[in-house]
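# Structural features, examined
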Amino acid sequence: MPIQNEHEIQQLAEVSRKLEDQARQAKNNASTEEIQHIQQQLREVQDQIQHARGKAINGSGGSSEPLIKAQLRVEETQHQMERALINLNAQQDNVQP
């Protein structure tokens, strides 16, 4: 999805916020499948953000500030999802005899 204008940059920032909310719900549900699905979505959004930031740096996009915030949000959410998966796997290991 090439980023071409400020509207698309704002949409990408909104997608990152929605994924952050979905990640929080997946952690609360303790669902490894949901977490893994969200991790994949986060990777895709991160690729889109990096592409958009490159365009913004080159002057063909809008302000890069929303993209920076979105990237930080996505990176932090990815770390949280990884920790949640590690914790869930550890709990499953402890439950098995």
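Our structure is the block above this text.
The following paragraphs examine the structure supplied in this document. (Residues numbered from 1 in each chain as written. Predicted model: local features only at pLDDT ≥ 70, side-chain atom pairs only at ≥ 80, totals over all residues. Heavy atoms only, no water.)

Turning our eyes to something else, we now look at helix α1 (residues 6-29). The end-to-end C-alpha distance of α1, which contains 24 residues, comes to 35 Å, matching closely the 34 Å that a straight helix rising 1.5 Å per residue would cover. Residues Glu 8, Ile 9, Leu 12, Ala 13, Ser 16, Leu 19, Ala 23 and Ala 26 constitute the buried set of α1. Within two residues after α1, Ala 30 carries a phi angle of roughly 55 degrees, on the positive side. (Helix = DSSP H or I, 4+ residues; strand = E, 2+ residues; numbered from the N terminus. Expected span 1.5 Å × (residues − 1). Buried < 20%, exposed > 50% of the residue type's maximum accessible area, 1.4 Å probe, protein only.)

For the structure on display, the rule yields 5 salt bridges. For the salt bridge of Arg 73 with Glu 20, the shortest nitrogen-to-oxygen distance reads 3.6 Å. Residue Arg 73 is located in helix α3 (residues 65-95), and its partner Glu 20 is located in helix α1; the two are separated by 53 residues in the primary sequence. For Arg 73, a relative accessible area of 16% gives the class buried. (Salt bridge = Lys/Arg side-chain N within 4 Å of Asp/Glu carboxyl O.)

Glancing now at the side chain of Ser 16. Structurally, the position occupied by Ser 16 is in helix α1. A polar contact is formed between the side chain of Ser 16 and the backbone oxygen of Ala 13, at a distance of 2.6 Å. A polar contact is formed between the side chain of Ser 16 and the side chain of Arg 73, at a distance of 2.6 Å. Setting aside its immediate chain neighbours within four residues, Ser 16 contacts Ala 70, Arg 73 and Val 74. (Polar contact = N/O pair within 3.5 Å; in protein donor to acceptor, adjacent residues only side chain to side chain. Contact = heavy atoms within 4.5 Å.)

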